[in-house]
Amino acid sequence: MAKETKDYKKDFLHQGFDATETAYDQRGFHLEVVLDVNQVRKFAQTAYELGFYLVFVTGFHVRPDEGHDKGNSGLEVVYQFARYDQLYRIKACVSVPNSLEVPSISDIYQGADWHERETRDLYGVVFDGHPNLKPLLLAEEDVDFHPLLKEEANLKSLHEVSWSSEPPKAVKGEAEAESGQ
Amino acid sequence: MLESEYQEHQQNRFFLNMGPQHPSTHGVLLIVLEMEGEYVLDPQPVLGFIHRMHEKMGESRPCQAFMPNTARMDYVCALPYNHGYVSLIERKAGIEVPKRAEYIRVITSELNRIASHLLWLGAYLLDLGAFTPILYGFDDREHILDILESITGSRLTYCYYRFGGVYQDIDDKFIEATRAFVKRMRKRYAIYEKLVTKNIIFIKRTENIGIVSPDMALRYGMTGPNLRGSGIAYDVRKNEPYSVYPEFDFEIPVGEQGDCLDRYMVRIREIEQSLRIIEQALDRLPEGPVRSKVPKNIKLTPGDCNFAVEAARGELSYYLVGDGTSTPYRLKVRVPSYSNLSCLPELGRGILLPDLVSILGSFDLVIPEIDR
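For clarity, every value in this text was computed on a predicted model and none was experimentally measured.

On a plain count of helices and strands, chain A comes out with five helices and seven strands. When the helices and strands of chain A are placed in sequence order, the string is α-β-α-β-α-β-β-β-β-α-β-α. Looking at chain A residue by residue over its 181 residues, the buried ones come to 49%. At a minimum sequence separation of 6, the contacts of chain A that also span at least 24 residues come to 59%. Approximately 9,000 Å² of chain A is accessible, and the part contributed by carbon and sulfur atoms is 48%.

Next comes the structure, spelled out in structure tokens:
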């Protein structure tokens, strides 16, 4: 079925979002958008106006960066959007600040309501502006229990779990040293 | 409204617990209803009664060991869940799958989809007070379970697909039985049509009830037959072709206005499309191996990866982040019923309680899938 395909990268770049094309065959989505925490609502609004639907919202836990980039909790919120009329998937991620607060998009995409409650259950991210942020999948007394947070020993840095074509210099040096041995 | 009138209204309001053991919630789902007389003011689903934290299990064992879990989320239509997971790991690790294996996957997945729709048909009519259709539905479904049991070894929670292929090849007995089933199922439409589709009581209970508009479907991220009932022809098998689906000629049935009757019609017509796919796949079944050589210890390279398939209830999406070991660093399962049900508080506002039962049934919910 030949459907008209449109590339939405420009639409998002035009709105000031950090959007990069990704290899669909490898990763299963076309566009990766890295959001700043105060861009989340604007991004959701833009996606809604362009006709995207929300696939899921979830969390992601990595080792917090040390030194530079203060205010980083190591948590990320990952959104996925797709379209009904053509094949186009977007992954959007936002780094959660130390306050653990991320603006809620549940008034733009009502479907995000449950996904955000689930992410709060499993990771403890607080969605600012959510009308009813009670435990959904977990029991009500487990309000401070977040099962998907990883233990310190199992945590990996973000660059260890991303496709990144150029790893940070220090690590690159180590890798070269190791391969030289 | 006068203050006294308002107070009187407030007095007529009460809360009603529908579930967690209510027959029409199809599982352990609780819906707390705020009622005024026979009218529902605010239905709030309460989830998590059978939450098993499948995602944590996925992150704490090698990727092969998670295979049986995939069949235990949506136990009514487990093979597409198998399919999504093996395809995800195959995409991540770059594993080639023999063509014959893909054909077998499509045939078995479609059989499973029909079984799921038949069970739904019976259960939905049972919700609406008709007892006979479930007996017909179970009769037909039994044939599929027998066919699938002969090659997968189980009747419900299948674990048949493997990374790089399927567990074992299908035999002539399977092909014969499947062809016989396709022939039989086509004859059964007339019965279902007479029994259900043209039944005036059924039409009165479903027509113009629970209308989901396309915009509402988009805001809630609805997928599957529930979305197609609203007239949007979105099916992952066509929109994001995976496996060998592009090689088959089939249509995406859609409804017109998105009421319960449309959702019913979409599923009934989907059975025919699945039969068409099975027939074509059997006709063109290529020869060859059914499993490629795959290393015992599959290393998942660092980075994320997503794979979506069409399950019987809608779009199933696996999202995985690898870290170089064979255990996924993060595994997210996006299940269709979760998003489909989330529109209930909006859809069920101000309707009659019997209509809520009709809407819930038409959504084809599987609770273990929602709770995961």
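This part is about the side chain of Thr46 of chain A. All names here are of chain A. Relative to the helices and strands, Thr46 is located in helix α3 (residues 40-50). Side-chain polar atoms of Thr46 contact the backbone oxygen of Lys42, separated by 2.7 Å. Residue contacts for Thr46: discarding those within four places in its chain leaves Phe12, Gln15 and Phe17.

Another point: the packing of aromatic side chains. Following the criterion strictly, the structure yields 26 aromatic pairs over all chains and no others. Judged by centre distance (5.7 Å) and plane angle (70°), the ring pair of Tyr53 of chain A and Tyr234 of chain B falls under edge-to-face. Pair noted here: Tyr53 of chain A is in strand β3 (residues 52-61) and Tyr234 of chain B is in the loop between α10 (225-228) and α11 (236-239), and the two residues belong to different chains. Take Tyr53 of chain A: its relative accessible area is 0%, and that puts it in the buried class. Members of the aromatic cluster, each reached through a chain of ring pairs, are Phe17, Phe43, Tyr48, Tyr79, Phe81 and Tyr109 of chain A. It is Arg91 of chain B that lies over the ring of Tyr24 of chain A; its NZ or CZ is 5.2 Å from the centre. In this structure, Arg141 of chain B packs its charged tip against the face of Phe138 of chain B, placed 5.3 Å from the ring centre.

In this section: the sheet that holds strand β2 (residues 31-35) of chain A. All names here are of chain A. In space, the five strands of this open sheet follow the order β1-β2-β5-β4-β3, with mixed pairing throughout. Two strands close off the open sheet at either side, each with one partner strand: β1 (18-21) and β3. Strand-to-strand twist across the sheet, computed as the mean angle between neighbouring axes with direction ignored, equals 20°. In this sheet, strand β4 (residues 72-83) lies alongside β3 in antiparallel orientation, the contact comprising nine bridges.

Attention shifts here to the pairing of β4 of chain A. Residue and element names in this part refer to chain A. β4 sits mainly inside the fold: 12 of its 12 residues count as buried. Here seven bridges tie β4 to strand β5 (residues 90-97), and the two strands are oriented antiparallel to one another. Residue pairing for β5: Val78 is matched across the bridge by Cys93. Here β4 hands over to β5 after six residues, the two strands then running antiparallel side by side.

What counts and what doesn't
- Residues numbered from 1 in each chain as written.
- Chains lettered and ligands numbered in written order.
- Predicted model: local features only at pLDDT ≥ 70, side-chain atom pairs only at ≥ 80, totals over all residues.
- Heavy atoms only, no water.
- Helix = DSSP H or I, 4+ residues; strand = E, 2+ residues; numbered from the N terminus.
- Buried < 20%, exposed > 50% of the residue type's maximum accessible area, 1.4 Å probe, protein only.
- Contact = heavy atoms within 4.5 Å.
- Areas by Shrake-Rupley, 256 points an atom, 1.4 Å probe, with all protein chains shown as cover.
- Polar contact = N/O pair within 3.5 Å; in protein donor to acceptor, adjacent residues only side chain to side chain.
- Phe/Tyr/Trp six-rings, centres within 6.5 Å; stacked < 30°, edge-to-face > 60°.
- Lys NZ or Arg CZ within 6 Å of the ring centre and 35° of its normal.
- Pairing = 2+ DSSP bridges.
- Axes fitted to C-alpha atoms, helices over the stretch in contact; angles between N-to-C directions.

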